[in-house]
Amino acid sequence: MLSSMGYGTRSEIGWLAKAGRIVFDAEAISDVTMRIPVTPDLVARMNINGEALDPLPGIVILLNKPVGATCSHKESGALVYDCLPQRWKRRVPGISAVGRLDKQTSGLLLLTDDGDLLHRVTSPRQRVRKTYRARLARPLNGDEAAVFASGSLTLKGDDKPLAPVLLEVVTDQEALLTITEGRYHQVRRMFAACGNHVLELYRERLGDLRLPEDLAPGDWRLLDAKDQMLIFQ
Ligand code: URA
């Protein structure tokens, strides 16, 4: 289990134990064949290299995605996974972004190793609300709210119209947009369809889940079951 949580190969973990670096119920484990049940309280009972054990599988992370990081495991350059502890890249099951934000988009991004949760959040059938704050190159022309709410706007290259979208005007060059789909570059393409251009895009909410104000770009925290329920509200 420790190996699949990224702490090292099985033999490296054997060495850690022999060096007294794995502590269970305040005692160093020296017998590596000892059977320890994997229960949720293990995180509180086990200590590795002087630190609490990482979260067990079923991890859900709320990240304030910085501009410039890519939601990909493979691309070169900064990745959203670089914001997390290095050893988490070796976890099995692996941690993946829940949906994608463009490289230039910032804000609320979930990451998880829970395939069911990932599917429920991204499935178009669930219609999870995603709210973005967009700063625009030009003033709104006044008819965007009606066009977006109509359910009849078909974006270039798409074969069916967008589901209705709520637009809330903040200033004449800033708006909040709540979408329930997650089409490719959807928000940027919607404003482009109205002759505008998105200068900055920030995801503020997923359902009723918001980023805490004190979570700086690149910072993250674990999401408990109660907060996860906010996504579906
Ligand atoms: N819409 C976009 O255009 N980009 C994003 O990253 C998310 C939604």
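Small disclaimer: the values here were computed from a predicted structure and weren't measured.

Draft legend 1. Fine view of the domain arrangement of the protein chain. Split into domains, the protein chain comes out as domain 1 (10-52), domain 2 (60-124 + 209-230) and domain 3 (129-206). In this complex, domain 2 contributes 16 residues to the contact, which on the side of domain 3 involves 9 residues. Both sides of the domain 2 and domain 3 interface together cover about 1100 Å² of buried area, and 43% of this is carbon and sulfur. On the domain 2 side of the interface with domain 3, the three residues burying the most area are D102, L108 and R210, jointly 36% of the side's total.

Draft legend 2. Up close: the nonpolar core. In this structure, V80, L111, F148, L177, M190 and F191 are the most contacted members of the largest nonpolar core, which totals 34 residues. The set of elements that each furnish at least two residues to this core consists of β5 (60-65), β7 (105-112), β8 (130-136), β10 (174-179), α5 (186-193) and β11 (198-206). Formed jointly, this core draws a minimum of three residues from each of two domains, domain 2 (60-124 + 209-230) and domain 3 (129-206). Excluding anything up to four places from it in sequence, L111 contacts I59, V60, I61, L63, V80, Y81, I95, S96, A97 and V98.

Draft legend 3. Looking closely at the site of the ligand. In the vicinity of the ligand, the residues found are L101, D102, T105, Y132, H185, Q186, V187, R188 and L201. Between the ligand and the protein, one listed contact pairs a nitrogen atom with a side-chain N or O atom of D102 at 2.7 Å. Contacts to the ligand include T105, whose side-chain N or O atom sits 2.9 Å from an oxygen atom. Its free accessible area being 240 Å², the ligand has 95% of it covered by the protein chains. A total of 3 residues in the shell around the ligand trace back to one element, the largest contributor, which is α5. The residue inventory of the shell around the ligand, partitioned by class, reads 4 nonpolar, 3 polar and 2 charged.

Draft legend 4. Broad picture of the packing of aromatic side chains. Tallied over the full model, the rule gives 2 aromatic pairs. One Lys or Arg, K18, reaches over the ring of W15 and ends 5.5 Å from the middle of that ring. Against the face of W88 rests R91, its NZ or CZ located 5.8 Å from the ring centre.

Thresholds applied
Residues numbered from 1 in each chain as written. Predicted model: local features only at pLDDT ≥ 70, side-chain atom pairs only at ≥ 80, totals over all residues. Heavy atoms only, no water. Domains from an automatic or database assignment. Contact = heavy atoms within 4.5 Å. Buried area = accessible area lost by both parts, 1.4 Å probe. Core = buried A, V, L, I, M, F, W, Y, C linked by side-chain atoms within 4.5 Å. Buried < 20%, exposed > 50% of the residue type's maximum accessible area, 1.4 Å probe, protein only. Helix = DSSP H or I, 4+ residues; strand = E, 2+ residues; numbered from the N terminus. Near = heavy atom within 4 Å. Polar contact = N/O pair within 3.5 Å; in protein donor to acceptor, adjacent residues only side chain to side chain. Areas by Shrake-Rupley, 256 points an atom, 1.4 Å probe, with all protein chains shown as cover. Nonpolar A, V, L, I, M, F, W, Y, C, P; charged D, E, K, R; others polar. Phe/Tyr/Trp six-rings, centres within 6.5 Å; stacked < 30°, edge-to-face > 60°. Lys NZ or Arg CZ within 6 Å of the ring centre and 35° of its normal.

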